[in-house]
Amino acid sequence: MLFSRSGMVETMLDVCLLGTSGMMPLPRRALTALMTRFNGSSLLIDCGEGTQITIRAKGWSLHDVDLLCITHVHGDHISGLPGLLLSMANSERELPLTIVGPKGVKKVCDALRIIAPGLPFEINYRELTEDFEVIEGKGYTVEAFRLKHTVTCYGYSQIIRRAGRFDADRAKELDIPLKLWSRLQKGETIEEEGRTYTPDMVMGAERKGLKVTYCTDTRPIPSIAEHAAGADIFICEGMYGEEGSEQKAKDKKHMTFTEAATLAAQAEVGELWLTHFSPSLIRPKDYVDRARAIFPETYVGKDRKTAVLTYEED
């Protein structure tokens, strides 16, 4: 894995699985939500009851959350929105918040906001209607892909791309003025004294960036492995871990530990973090061995489980 060591000054993506419970919060298990931090911007996926409390317990700030992606509008994934918005307002936030979710998410959010009126910041909405859509964040891309649940539901991948290495020798050979080098590294195409300079003239092939995929409340379908392919961390629901729970998962449109592990193996991810456990699953760790037999890098998620991802060394 690409975990940073103390003192390293590199591009970093902080990842925190805020809660791991499905259906209802428990005394020691908050509802499923994910928060990441990158380049001064925070992304939140899902907002179950009490999400703002878990964020504060982690010691992270609500102030920099500028993108909230909702997987679907079941209560355990969105009912924490009023409290989150009010906490943001109390922190004197003024920057706008963008909420992304399935078609109809604005209507649901507006209804929940009856108890959170008069916010000091603007809320913008992006409703998803296609099987696959791309949302541009601050320095990263979010890919939304449709899942298979009892209602319209989406999974999300956060992707941080990494440009190829700058070839200074090639730039000198092509007699590219030194003053243009940094602009080419940033991806600009430049017209200068009758010549056109493009980044591909001096930049190598794109290097491996960072990727986290979040997928919950769904049956396993091939497109999940396709969209999670190569993720450093694949966070996937494991509603049921017990042997013999497969039919229950099918009936309720959820997944078992072994089904999630199979997707992780197909996607060739770095790690699988299981989450969204049934309230009846008191000790998820008791059932992880069967999943690890399929995909060894399987880990049982726990509230506020955290990783810091950095670029691979060249």
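Quick caveat: nothing in here was measured; it's all calculated off a predicted structure. (Residues numbered from 1 in each chain as written. Predicted model: local features only at pLDDT ≥ 70, side-chain atom pairs only at ≥ 80, totals over all residues. Heavy atoms only, no water.)

All right, on to the overall build of the protein then. Looking only at helices and strands, one finds 10 helices and 16 strands in the protein. Rg of the C-alpha trace for the protein: 21 Å, near the compact-globule value of 20 Å for 314 residues, within the 12% margin. Considered along the principal axes of its C-alpha atoms, the protein spans approximately 70 × 50 × 40 Å. Split into buried and exposed, the 314 residues of the protein put 52% on the buried side. Taking all contacts inside the protein whose residues are at least 6 apart in sequence as the whole, residues at least 24 apart take part in 66%. Summing over all exposed atoms, the protein offers an accessible surface of approximately 14,700 Å²; the carbon and sulfur share of this is 49%. (Helix = DSSP H or I, 4+ residues; strand = E, 2+ residues; numbered from the N terminus. Rg over C-alpha atoms; globule rule 2.2 N^0.38 Å. Buried < 20%, exposed > 50% of the residue type's maximum accessible area, 1.4 Å probe, protein only. Contact = heavy atoms within 4.5 Å. Areas by Shrake-Rupley, 256 points an atom, 1.4 Å probe, with all protein chains shown as cover.)

Reading across from one edge, β7-β8-β9-β12-β13-β14-β15 is the order of the seven strands in this open sheet, with mixed pairing throughout. Two strands in the sheet have a free side with no partner beyond their single neighbour: β7 (132–136) and β15 (298–300). The average undirected angle you get between the axes of adjacent strands in this sheet is 20°. Here β7 runs beside strand β8 (residues 141–146); their pairing, made up of five bridges, is antiparallel. Across the sheet, Glu-133 pairs through a bridge with Ala-144, a residue of β8. (Pairing = 2+ DSSP bridges. Axes fitted to C-alpha atoms, helices over the stretch in contact; angles between N-to-C directions.)

For the protein, per-residue confidence averages 92 on the pLDDT scale, and 96% of positions sit at 70 or higher. Across residues 1–9, where pLDDT falls below 50, the model places 20 contacts with residues more than four positions away in sequence or in other chains. (pLDDT = per-residue confidence, 0-100.)

For the rest of this paragraph, the subject is the side chain of Ser-42. Positionally, Ser-42 belongs in strand β3 (residues 41–45). A residue is classified by how much of its surface remains accessible, and Ser-42, at 4% relative accessible area, is buried. For Ser-42, the residues in contact, after removing those within four places along its chain, are Met-35, Thr-36, Arg-37, Asp-64, Val-65, Asp-66 and Leu-67.

The next point concerns the environment of Ala-307. With respect to the secondary-structure elements, Ala-307 resides in strand β16 (residues 305–310). For Ala-307, a relative accessible area of 5% translates into the label buried. As a C-alpha pair, Ala-307 and Leu-17 span 290 residues in sequence and 9.1 Å in three-dimensional space.

Here we take up the pairing of strand β5 (residues 97–102). Taken across its six residues, β5 has five buried, putting it largely inside the fold. Where strand β4 (residues 65–69) meets β5, three bridges bridge the pair, whose relative direction is parallel. Note on β5: the bridge partner recorded for Leu-68 is Ile-99. Relative to strand β6 (residues 123–128), β5 is paired through six bridges, and the arrangement is parallel. Bridge pairing in β6 places Pro-102 opposite Leu-128.

This paragraph deals with the pattern of salt bridges. Tallied over the entire structure, the rule returns 14 salt bridges. One salt bridge connects Glu-192 with Lys-179, and the closest N-O pair in it is separated by 3.1 Å. Of the two residues, Glu-192 sits in strand β10 (residues 190–192) while Lys-179 sits in the loop between α5 (168–173) and α6 (181–185), which places them 13 residues apart along the sequence. Beyond isolated ion pairs, a larger network of salt bridges with shared partners links Glu-143, Arg-161 and Glu-206. (Salt bridge = Lys/Arg side-chain N within 4 Å of Asp/Glu carboxyl O.)

With respect to the helices and strands, Asp-217 occurs in the loop between β12 (207–215) and α7 (222–228). Measuring from C-alpha to C-alpha, the distance between Asp-217 and His-74 comes to 9.8 Å, with 143 residues separating the pair along the chain. Once residues within four sequence positions are removed from consideration, Asp-217 is found in contact with His-72, His-77, Lys-148, His-149, Cys-153, Glu-237, Lys-253, His-254 and His-276. In this structure the side chain of Asp-217 is engaged in a polar contact, spanning 3.0 Å, whose partner is the side chain of His-72. (Polar contact = N/O pair within 3.5 Å; in protein donor to acceptor, adjacent residues only side chain to side chain.)

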